[in-house]
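Here is how the chains run, residue by residue.
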Amino acid sequence: MTKVKLAVIYYSSTGTNYQLAQWAEAGGKEAGADVKLLKVPETAPQEAIESNPAWKAHYEATKDVPEVTLDDLEWADAIIFSVPTRFGNMPSQMKAFLDTTGGLWFNGKLVNKTVSAMTSAQNPHGGQESTLLALYTTMYHWGAIVAAPGYTDPVTFAAGGNPYGTSVSVNQDGEMVEDVQAAVKHQAKRTISIAEKLK
Ligand SMILES: Cc1cc2nc3c(=O)[nH]c(=O)nc-3n(C[C@H](O)[C@H](O)[C@H](O)COP(=O)(O)O)c2cc1C
C-alpha cells in the first residue's frame, strides 16, 4: 500500500504550536507516513510583529518553513492542525487560510480527509476545547473524518486529558506547562492509522 500523506499545518506566533507541529511531524514519520510540515501565511501587520520580541524572533526563525498551499490540501490524505487559542477560538491567520478552501470544497476535494487538531493557551480553562471544536466545525463542512484522540491511550490523561485534541498550557515565559510530547505523537499515529484504513 502507498504511504499515507500527512500535512501538518500550523500557525504560531511564539513557537509553541511550531513545537507541537514538529512533534506531530515526528510521530507521523514514525508511523510510516510521508509528511509535510507547513505554516499558514502570517497576516498580521509588520508593526504588530515588530512590537513583540518573542513574536519577531519566532517569525524570523521560521522564515524558511514552507507556507501551505491549496495543492498541499489536495495532496494530503491526513491533516493535523495546530493553532494557539485566541479568545477561545482559532487565530485569524488559520481562519483566513481555511476561508480560501471554498473551491476545493465545492469540487469535493476535501471529502474524507482524516483530520485532527491541537492547540495551546495561557490558561488550562482558557478556551482550549472551544478552539478545537471551532476548527472541527469547518472540518464537518468539508466532509472530513475527525480523528480526535478521545481516551484511546493513557498518554492523554498525562497531557491534561483533552479528548478533542492535544492541548497544552503555556506560562508567562511562553514555556509549556504539561508534558504533551507523547500525546502529540499518539494523536499523529492514530490519525495515520485511521487514514490508512480509509485509503
Ligand atoms: C490576541 C490573543 C488572544 C489570546 N486568547 C487567549 C485565550 O482566550 N485563552 C488563553 O488561555 N490564552 C489566550 N492567549 C494566549 C495564547 O493562547 C498563547 O500565547 C499561545 O497559545 C501561544 O502559542 P504560540 O507560541 O504557538 O503562538 C491569547 C493570546 C493573544 C495574543
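Use the structure listed above.
The paragraphs below set out a description of the structure included in this document. These numbers come from a predicted model, not from an experiment. (Residues numbered from 1 in each chain as written. Predicted model: local features only at pLDDT ≥ 70, side-chain atom pairs only at ≥ 80, totals over all residues. Heavy atoms only, no water.)

Concerning unusual backbone geometry
- Unlike most non-glycine residues, F87 shows phi in positive territory, near 50°.
- We note that N112 has phi near 65°; this positive angle belongs to a residue other than glycine.
- Tracing the sequence through the fold places N112 in the loop between α6 (102–106) and β4 (114–121). (Helix = DSSP H or I, 4+ residues; strand = E, 2+ residues; numbered from the N terminus.)

Some points on the site of the ligand
- Taken together, 17 residues surround the ligand, and among them S12, T14, T16, S120 and G126 come closest.
- When the ligand sits alone it has 640 Å² of accessible area, and the protein chains cover 76% of it.
- For the shell around the ligand, the secondary structure elements donating two or more residues are α1 (16–30) and β4. (Near = heavy atom within 4 Å. Areas by Shrake-Rupley, 256 points an atom, 1.4 Å probe, with all protein chains shown as cover.)

Here's the deal with the environment of V35
- Mapped onto the secondary structure, V35 falls in strand β2 (residues 34–39).
- On the basis of relative accessible area, V35 is assigned to the buried category, the value being 14%.
- Distance in space between the C-alpha atoms of V35 and I79 is 9.6 Å, their sequence separation being 44 residues. (Buried < 20%, exposed > 50% of the residue type's maximum accessible area, 1.4 Å probe, protein only.)

Observations concerning the nonpolar core
- Counting 28 residues, the largest nonpolar core has I9, F81, M94, M139 and W142 as its most contacted members.
- Mapped by element, the contributors of at least two residues to this core are β1 (5–10), β3 (78–84), α5 (92–98), β4 and α7 (128–142).
- Per element, the largest residue contribution to this core is five residues, and it comes from α7.
- Not counting the four nearest positions on each side in its chain, I9 is found in contact with L38, V40, V68, L73, I79, I80, F81, S82 and M94. (Core = buried A, V, L, I, M, F, W, Y, C linked by side-chain atoms within 4.5 Å. Contact = heavy atoms within 4.5 Å.)

Points about the environment of F87
- Take F87: it is sitting in the loop between β3 and α5.
- In this structure F87 comes out as exposed when scored by relative accessible area, which is 89%.
- Sequence separation between F87 and G27 is 60 residues, and the spatial gap between their C-alpha atoms is 29 Å.

Some details on the side chain of N162
- Residue position: N162 is located in the loop between α8 (155–158) and β6 (167–169).
- Engagement of the side chain of N162 in a polar contact is seen with the backbone nitrogen of Y164, the distance being 3.0 Å.
- Among the polar contacts made by the side chain of N162, one reaches the main-chain carbonyl oxygen of G165 at a distance of 3.5 Å.
- The contact partners of N162, leaving out residues within four places of it in the chain, are Q128, E129, L132, P149, T156 and S167. (Polar contact = N/O pair within 3.5 Å; in protein donor to acceptor, adjacent residues only side chain to side chain.)

It is worth stressing that arrangement in space is one thing and function is another; only the former is reported here.
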